[in-house]
Amino acid sequence: MWYRQQITLKPYQRGFHLITHDITSALDRMSEISTGLLHLQMLHTSASLTLNENADPDVRHDMEAFFRDRVPGDLPYFRHTMEGPDDMPAHIKASLMGTELTLAVDNGRLATGTWQGIWLGEHRENGGSRRILATLFGE
């Protein structure tokens, strides 16, 4: 079975956000797959996807603090500034974190570790709603 669906997330503030439930609740067809894969592709260049800690929100806070320190806005050598001082740093963070995930599906559920969840990395102050293309395949 192959199935593709676009998921639109509500706007989030800058930072890292646990979106596992947003993804799984939007994909009714996942329950039909006993063995397969879910591929997620962020349809933006200033936000990212990653799989990480799903229990302690301090991890998401610390990840954002780390990235703000390592990739600050308004660096004097940035040329791509027409969309604001947070845009070029957002592109860098999205490239470093990645914009795609492929996860195993087992008996209609994501086969993730106990403490793993899907994160949205929102790297803009006002990024707006974000679109993710989800492709399920399996049997």
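Preceding block: the structure.
Notes on the structure follow. (Residues numbered from 1 in each chain as written. Predicted model: local features only at pLDDT ≥ 70, side-chain atom pairs only at ≥ 80, totals over all residues. Heavy atoms only, no water.)

This next bit is on the sheet that holds strand β5 (residues 100–106). A sheet is described by the order of its strands in space; here five strands give the open sequence β1-β8-β3-β5-β6, paired in antiparallel fashion. In this open sheet, the two strands that pair with only one neighbour each are β1 (2–9) and β6 (109–110). (Pairing = 2+ DSSP bridges. Helix = DSSP H or I, 4+ residues; strand = E, 2+ residues; numbered from the N terminus.)

Take the sheet that holds strand β7 (residues 116–122) next. Adjacent strands of a sheet pair through backbone hydrogen bonds, lying either parallel or antiparallel. Pairing is antiparallel in the open sheet, where three strands are placed in the order β2-β7-β4. Whereas interior strands pair on both sides, the edge strands pair on one side only; in this sheet they are β2 (15–18) and β4 (47–53). On average, adjacent strands in this sheet sit at an angle of 30 degrees to one another, irrespective of strand direction. Pairing analysis gives seven bridges linking β4 to β7, with the strands arranged antiparallel. Each bridged residue has a counterpart across the sheet, and for Ser48 the counterpart in β7 is Gly121. Its contacts with the sheet place helix α3 (residues 87–97) against β2 and β4, and it is angled at close to 45 degrees to β4. (Axes fitted to C-alpha atoms, helices over the stretch in contact; angles between N-to-C directions. Contact = heavy atoms within 4.5 Å.)

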